[in-house]
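Below, each chain spelled out in residue letters.
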Amino acid sequence: MRIFTTMALALALAAGTAGGALAVDKDRVDGSVKQMKGKVEGKAGDITGDSGLKSKGRKDRVTGKVQNTWGNVKDDVRNATR
């Protein structure tokens, strides 16, 4: 349930509809989704004992974190130049 709430908030922010918040960079949203996907894959790998799935989940979490951070930097630059 927490994942769906986070995704809904991310989508609302991207659309600029969350209480008049500024729209966020697409990389932030995509990175957050990728991080969540990685967490799910990692847990599934833990439960099933599949080390490949667990490793893929770890890779997706790290990739998503980097993408999210890059989007955050772009947002900061955009907001600083307004």
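Residues numbered from 1 in each chain as written. Predicted model: local features only at pLDDT ≥ 70, side-chain atom pairs only at ≥ 80, totals over all residues. Heavy atoms only, no water.

Caption draft 1: Representation of the pattern of salt bridges within the structure. Counted by the stated rule, this structure contains eleven salt bridges. Notably, a salt bridge pairs R28 with D75, separated by 2.9 Å at the nearest N-O pair. Taken together, the residues R28 in helix α2 (residues 26-48) and D75 in helix α3 (residues 51-80) connect sequence positions 47 residues apart. For D75, a relative accessible area of 4% corresponds to the buried category. Close ionic contact of D75 with R78 constitutes a salt bridge, the shortest N to O distance being 2.6 Å. Of the two residues, D75 and R78 both sit in helix α3, three residues apart, roughly one turn of that helix. One network of salt bridges, with partners in common, ties together D25, D27, R28, K74, D75 and R78. (Salt bridge = Lys/Arg side-chain N within 4 Å of Asp/Glu carboxyl O. Helix = DSSP H or I, 4+ residues; strand = E, 2+ residues; numbered from the N terminus. Buried < 20%, exposed > 50% of the residue type's maximum accessible area, 1.4 Å probe, protein only.)

Caption draft 2: The arrangement of a nonpolar patch on the surface in detail. Together, W70, V73 and V77 make up an exposed nonpolar region whose accessible area comes to about 300 Å². Structurally, V77 is set in helix α3. Judged by relative accessible area, V77 falls into the partly exposed class, the value being 49%. (Patch = residues over 30% accessible without salt bridge, like charges linked within 9 Å, V, L, I, M, F, W, Y side chains within 5 Å. Areas by Shrake-Rupley, 256 points an atom, 1.4 Å probe, with all protein chains shown as cover.)

Caption draft 3: Representation of the packing of α2 against α3 within the structure. With their axes 7 Å apart at the nearest point, α2 and α3 run at an angle of 165 degrees to one another. Viewed along their axes, α2 and α3 adopt a mutual orientation that is roughly antiparallel. Where α2 crosses over α3, the two elements pack in a sense that is left-handed. Looking at side-chain class alone, the contact of α2 with α3 contains three nonpolar, 13 polar and 15 charged residues. (Axes fitted to C-alpha atoms, helices over the stretch in contact; angles between N-to-C directions. Parallel < 35°, antiparallel > 145°, perpendicular 65-115°, else oblique. Left-handed = near helix turned anticlockwise from the far one by under 90°. Nonpolar A, V, L, I, M, F, W, Y, C, P; charged D, E, K, R; others polar.)

Caption draft 4: Here's a closer look at the side chain of N68. With respect to the secondary-structure elements, N68 resides in helix α3. Given a relative accessible area of 18%, N68 falls into the buried group. For N68, the contacting residues outside a window of four places in its chain are D27, R28, G31, S32 and Q35. (Contact = heavy atoms within 4.5 Å.)

Caption draft 5: Region of interest: a positive patch on the surface. On the surface, K39, K43, R58 and R61 cluster together into a patch of positive charge. Those elements that provide at least two residues to the positive patch are α2 and α3. Residue placement: R61 occurs in helix α3. A relative accessible area of 32% means that R61 is categorised as partly exposed. (Lys, Arg positive; Asp, Glu negative; His and termini not counted. Charge placed at Lys NZ, Arg CZ, Asp CG, Glu CD.)

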